[in-house]
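The primary structure of each chain is shown beneath.
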Amino acid sequence: MADPKDKNRPLRLGVMGGTFDPIHNGHLVAASEVAAEYDLDEVVFVPTGQPWQKSTRDVSAAEHRYLMTVIATASNPGFTVSRVDIDREGATYTHDTLLDLRAERPEAELFFITGADALSRIASWKDIDQVWDLAHFVGVSRPGHVLPELHQENVSLLEIPALAISSTDCRGRVAQGKPVWYLVPDGVVQYIAKYGLYTES
Ligand code: ATP
Ligand code: MG
């Protein structure tokens, strides 16, 4: 890893992939903590296309998930949103995500951020052997999930403030007429209400 004090060091780019249906404060805290700990220059949030591990439930339209992600990250100058996964045809695989981001930012060192639950499933990812070579992986703690011990040299684990929030729980709360204020950013609360998301179960 390059010396963070070296001004000529490569750009350090965090990559936060997710369905973001909806994006919530757990995602934002994870990105913020990893950015601070690893001295990242930017974190790019990448909403998935049709998620291959979630095909049993209807996922909100990609444009809704993309726009909620833009709204949630707009106030942070270090956060950006990429359309690479939603603009690519077919299912989303992390391998393609990282290749596309590398093609766009060939000078950058990539740090793929993942919660403990997703990290536990990593062995089942498509082309995992090639994926390891494309980025450093940072697994963050998540309430209810144990951070797995992965004997892989480019995986680091980070304890972050515990936010027991999931998108599944947020959708369920909206469906039941319960508030999601302070679980998701204010603009996302308003976006969900404006478009009547998650009211049909
Ligand atoms: P769903 O309930 O629909 O699966 P989710 O809350 O798990 O939604 P995802 O979009 O599936 O959100 O997750 C994107 C990434 O963010 C994953 O790596 C996941 O582990 C991580 N993540 C989600 N919520 C948290 C949280 N509260 N704390 C830490 N990491 C989280
Ligand atoms: Mg999830």
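Residues numbered from 1 in each chain as written. Chains lettered and ligands numbered in written order. Predicted model: local features only at pLDDT ≥ 70, side-chain atom pairs only at ≥ 80, totals over all residues.

1. Quick word on the overall build of the chain
Turning to step 1, where the next piece is worked out: Helix and strand counts for the chain stand at 8 helices and 8 strands.
Turning to step 2, where the next piece is worked out: Along the first, second and third principal axes, the C-alpha set of the chain runs to 50 × 35 × 30 Å.
Turning to step 3, where the next piece is worked out: Across the 201 residues in the chain, those meeting the buried criterion constitute 35%.
Turning to step 4, where the next piece is worked out: Of the contacts formed within the chain by residues at least 6 apart in sequence, a portion of 71% connects residues at least 24 apart. (Helix = DSSP H or I, 4+ residues; strand = E, 2+ residues; numbered from the N terminus. Buried ≥ 20, exposed ≤ 12 C-beta atoms within 10 Å, placed from the backbone. Contact = placed C-beta atoms within 7 Å.)

2. Quick notes on unusual backbone geometry
Turning to step 1, where the next piece is worked out: Note the cis peptide between Asp21 and Pro22, where omega equals 0°.
Turning to step 2, where the next piece is worked out: Notably, Asp39 is not glycine yet its phi reads approximately 55°, a positive angle.
Turning to step 3, where the next piece is worked out: Examined against the element boundaries, Asp39 turns out to sit in the loop between helix H1 (25–37) and strand S2 (42–47).

3. A few points about helix H4 (residues 94–104)
Turning to step 1, where the next piece is worked out: By the burial criterion, the buried members of H4 are Thr94, Thr97, Leu98 and Leu101. Buried residues in H4, looked at end-on, bunch into an arc of 90°, giving them a common side.
Turning to step 2, where the next piece is worked out: Against the buried residues of H4 lie strand S1 (12–18), S2, helix H3 (84–87), strand S5 (91–92), strand S6 (109–115) and helix H6 (128–131). (Arc of directions from axis to C-beta.)

4. Re the confidence of the model for the chain
Turning to step 1, where the next piece is worked out: Summing up the model confidence of the chain, the mean pLDDT is 92 and the portion of residues at 70 or higher is 94%.
Turning to step 2, where the next piece is worked out: In the predicted complex, the global pTM is 0.94; the interface-specific ipTM is 0.99. (pLDDT = per-residue confidence, 0-100.)

5. Points about helix H2 (residues 62–73)
Turning to step 1, where the next piece is worked out: The end-to-end C-alpha separation of H2 is 16 Å, in line with the 16 Å expected for 12 residues at 1.5 Å each.
Turning to step 2, where the next piece is worked out: Restricting attention to buried positions, one finds in H2 the residues Arg65, Tyr66, Met68, Thr69, Ala72 and Thr73. Buried residues of H2 fall within an arc of 165° about the axis and therefore sit on the same side.
Turning to step 3, where the next piece is worked out: Close packing links the buried residues of H2 with H1, S2, strand S4 (79–81), H3 and helix H8 (186–195). (Expected span 1.5 Å × (residues − 1).)

6. As for the packing of H2 against H8
Turning to step 1, where the next piece is worked out: One can describe the packing of H2 onto H8 by two numbers: an axis separation of 9 Å at closest approach and a directional angle of 150°. With respect to their mutual orientation, H2 and H8 come out roughly antiparallel. The two elements H2 and H8 cross, and the hand of that crossing is right-handed. Where H2 approaches H8, its residues His64, Leu67, Met68, Ile71 and Ala72 are matched on the opposing element by Gly187, Val188, Tyr191 and Tyr195.
Turning to step 2, where the next piece is worked out: Residue classes in the contact of H2 with H8 are distributed as 7 nonpolar, 2 polar and no charged. (Axes fitted to C-alpha atoms, helices over the stretch in contact; angles between N-to-C directions. Parallel < 35°, antiparallel > 145°, perpendicular 65-115°, else oblique. Left-handed = near helix turned anticlockwise from the far one by under 90°. Nonpolar A, V, L, I, M, F, W, Y, C, P; charged D, E, K, R; others polar.)

7. Remarks on the nonpolar core
General note: in soluble globular proteins, nonpolar side chains tend to be found buried as a group.
Turning to step 1, where the next piece is worked out: Grouped together as the largest cluster of nonpolar side chains are 42 residues, with contacts concentrated most on Val15, Ala31, Val34, Leu110, Phe111 and Ile113.
Turning to step 2, where the next piece is worked out: Looking at which element gives the most residues to this core, the answer is H1, with 5 residues.
Turning to step 3, where the next piece is worked out: Setting aside residues up to four positions removed in sequence, Phe111 forms contacts with Arg12, Leu13, Gly14, Val15, Val34, Tyr38, Leu40, Ala135, His136 and Val138. (Core = buried A, V, L, I, M, F, W, Y, C linked by C-beta atoms within 7 Å.)

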